[in-house]
Amino acid sequence: FQSKPTSGRHFLQIPGPSNTPDRVLRAMDYPTMDHRGPDFGRFGKQLLEKLRGVFKTSQPVVVFPASGTGAWEAALANTLSPGDRVLMCETGWFAHLWQELAGKLGLKPELIETDWRRGADVAAIEAALREDKAHGIKAVCVVHNETSTGATSRIAAVRKAIDAAGHPALLLVDTISGLASIDYRHDEWGVDVTIAGSQKGLMLPPGLSFNAISQKALKAAEGAGIPRSYWDWRPMLAANAQGFFPSTPATNLLYGLDAAIDMLMEEGLDNVFARHDRFAEATRRAVRAWGLEVQVEVPGEYSSVLTAVRLPEGHSANALRATILEKFNMSLGNGLGRLNDRVFRIGHLGDFGPLQLVGTLGGVEMGLGAAGVPHKPGGVQAAMAYLNGNA
Ligand code: PLP
C-alpha cells in the first residue's frame, strides 16, 4: 500500500507513532493466547506490576485497548460529574482537543490560554485556584508534553501551585507523548490521573492507552457522575487483581509492551531520558545553524521528544514536508491547528540512535534546499559536532 516503490528504509520521524524496535515486533509475533486462561493471568499480573515502574508509581495502572483519546475520556469520566468546572491549559492543539472532549462530556472547561510557544502557565493556574474560594473547580488538566508545539510543562511546579493555593482539585496529566522519553513521576509529583499511550516513548504500535490512578482519584471515582461503561475503572481493577481484563485485551500488543518495558529498564530510564535530551539539543543546534527558529520560546520548556521548526514567512511547511517525503522517503510531523503549514515537527523519540538523527537532519537540510526555503548550510555539521563532543 505504498504509493510508489522505494528503496531503503522509510524514515518515520513524526512525533509518534515512533519506530517499533525489532525486539518488540518479534515479541508480538507469538500466538495469541486464551485471555481467560491461567498462563494469561500469570503474564498479566507480572506485566501490570512492572508497568508501574515506567510511571514511577506504586498505585494501579490500567490499560485500555484504545488510542490516547480513550484514556483522556477515561480520566475525566471516572473522576468527574456533568457540570463540573475543570481548569485546562491551552498549550497547543492536543490541549485544545482534550478541552473539546471535556465539553462533550458535559464538563465546564475554563481555559488558561498561551501563545502555543511555551508550557502551561503555572502562576495563572495558582491565581485561578486562589480565586476559587468555594472550590468549584474539580480538576486541573495539563498536557505534560504538548506534541503540537514541542513544549514541556512543569508538572512538579503545577502540583506545588495547587498545594500553595490550598485547593483540593484533582491533577490530571496527559503524558501521552512524554512517558518513557522524558522524566515523569506519577507518585512524587502528586498526579491523580496520568494519561499515556503506547505509540510514542513506549515504542509500540498504536492501540494501547493507560491511566495511572492515585488513591484520591479512586475515591473520586466512587462519586463521579459521568455515565461510563467501557471506561469504568472498577471492573478493570477487579479483573486486573488476578492479571485479567474485563473484556478482550489487545493480547499481542501486551506481549510487545512486556518486551518494550524490558528494553527501557535494561537501558535505564535515566539513560533513556539523557539520550532524548542529547538528540533534542543536537536538533536545536541544527535548526539554529540553518537560521530557522524553534516554535518554543522558553529554553527550560523545550521538549526532548520532538522539535517544531517555524518556516520563514511566505514559505509552506506542508510543501517542504511533501518534498522531503517525495525525494528522501522521510515522514515529518505536520503543523496542527493554527500551526498548520507554519511549522514542521521532527520526532526524535523512542527507538532512535545518533546515526538515525544525522540521517533525519540530513533529509531536512537537503529538503530545505530542494524546496527553496531560505536557510544557511551547516545544520547537520553543528549537530554532528555536538554529538561528537566537539561542539
Ligand atoms: N495527547 C497528546 C499529547 C498527543 O500527542 C496525542 C496524539 O498524538 C493525543 C493526546 C491523542 O492521542 P491519540 O491520537 O492516540 O488518540
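These lines cover the structure that appears in this document, whether it is placed above or below. (Residues numbered from 1 in each chain as written. Predicted model: local features only at pLDDT ≥ 70, side-chain atom pairs only at ≥ 80, totals over all residues. Heavy atoms only, no water.)

### Examining the overall build of the protein chain
(1) Moving on: Helix and strand counts for the protein chain stand at 13 helices and 14 strands.
(2) Moving on: Against the globule reference of 21 Å for 391 residues, the protein chain gives a C-alpha radius of gyration of 21 Å, in line with a compact fold.
(3) Moving on: Expressed as lengths along the three principal axes of its C-alpha atoms, the size of the protein chain is roughly 60 × 55 × 40 Å.
(4) Moving on: Within the protein chain, the proportion of its 391 residues that are buried is 55%.
(5) Moving on: In the protein chain, 74% of the contacts between residues at least 6 apart in sequence involve partners at least 24 apart.
(6) Moving on: Carbon and sulfur atoms make up 54% of the accessible area of the protein chain, which totals about 15,500 Å². (Helix = DSSP H or I, 4+ residues; strand = E, 2+ residues; numbered from the N terminus. Rg over C-alpha atoms; globule rule 2.2 N^0.38 Å. Buried < 20%, exposed > 50% of the residue type's maximum accessible area, 1.4 Å probe, protein only. Contact = heavy atoms within 4.5 Å. Areas by Shrake-Rupley, 256 points an atom, 1.4 Å probe, with all protein chains shown as cover.)

### Digging into the site of the ligand
(1) Moving on: Close to the ligand lie 13 residues, the nearest being Ser-67, Thr-69, Thr-147, Asp-174 and Lys-200.
(2) Moving on: In this structure, an oxygen atom belonging to the ligand sits 2.5 Å away from a side-chain N or O atom of Thr-69.
(3) Moving on: Asp-174 is positioned such that a nitrogen or oxygen atom in its side chain is 2.7 Å from a nitrogen atom of the ligand.
(4) Moving on: In isolation the ligand offers 380 Å² of accessible surface; the protein chains occlude 87% of this area.
(5) Moving on: Per-class residue counts for the shell around the ligand are four nonpolar, seven polar and two charged. (Near = heavy atom within 4 Å. Polar contact = N/O pair within 3.5 Å; in protein donor to acceptor, adjacent residues only side chain to side chain. Nonpolar A, V, L, I, M, F, W, Y, C, P; charged D, E, K, R; others polar.)

### A few points about the side chain of His-276
(1) Moving on: Of note, His-276 is situated in helix H10 (residues 269-289).
(2) Moving on: Taking relative accessible area as the criterion, His-276 reaches 1% and is therefore assigned buried.
(3) Moving on: Apart from the residues lying within four places of it in its own chain, the contact partners of His-276 are Ala-180, Ser-181, Ser-304, His-348, Leu-349 and Gly-350.

### Side note on the sheet that holds strand E11 (residues 293-294)
(1) Moving on: Strand order in the open sheet formed by three strands is E11-E12-E14, with antiparallel pairing between adjacent strands. Looking along the sheet, the strands with just one partner apiece sit at the ends: E11 and strand E14 (343-347).
(2) Moving on: Where strand E12 (residues 306-310) meets E14, five bridges bridge the pair, whose relative direction is antiparallel. Looking at the pairing, Leu-306 lines up with Gly-347 of E14.
(3) Moving on: Relative to the sheet, H10 contacts E11, E12 and E14, its axis offset from that of E12 by approximately 10°. (Pairing = 2+ DSSP bridges. Axes fitted to C-alpha atoms, helices over the stretch in contact; angles between N-to-C directions.)

### Overview of the packing of H10 against helix H12 (residues 354-370)
(1) Moving on: Running from N to C, H10 and H12 point in directions that differ by 20°, and their axes come no closer than 11 Å. Looking at the two axes, H10 sits roughly parallel to H12. Crossing angle aside, the handedness with which H10 passes H12 is right-handed. Contacts between H10 and H12 involve Phe-279, Ala-282, Thr-283 and Ala-286 on the former and, on the latter, Pro-354, Leu-357 and Leu-361.
(2) Moving on: Among the residues forming the contact of H10 with H12, the class breakdown is six nonpolar, one polar and no charged. (Parallel < 35°, antiparallel > 145°, perpendicular 65-115°, else oblique. Left-handed = near helix turned anticlockwise from the far one by under 90°.)

### Side note on the packing of helix H5 (residues 122-131) against helix H6 (residues 155-164)
(1) Moving on: Packing of H5 against H6 leaves a shortest axis separation of 9 Å and a crossing angle of 25°. The angle between the axes of H5 and H6 places the two elements in the roughly parallel class. The element H5 and its partner H6 pack so that their crossing is right-handed. Contacts from Val-122, Ile-125, Glu-126, Leu-129 and Arg-130 in H5 reach Ala-157, Val-158, Ala-161, Ile-162 and Ala-164 in H6.

### Digging into helix H8 (residues 233-240)
(1) Moving on: If you check which residues of H8 are buried, you get Trp-233, Met-236, Ala-239 and Asn-240. The buried residues of H8 all sit within an arc of 135° when viewed along its axis, so they share a single face.
(2) Moving on: On the buried face of H8, the contacting elements are helix H2 (38-55), strand E2 (61-65), helix H3 (68-79), strand E9 (193-197), strand E10 (208-213) and helix H7 (215-223). (Arc of directions from axis to C-beta.)

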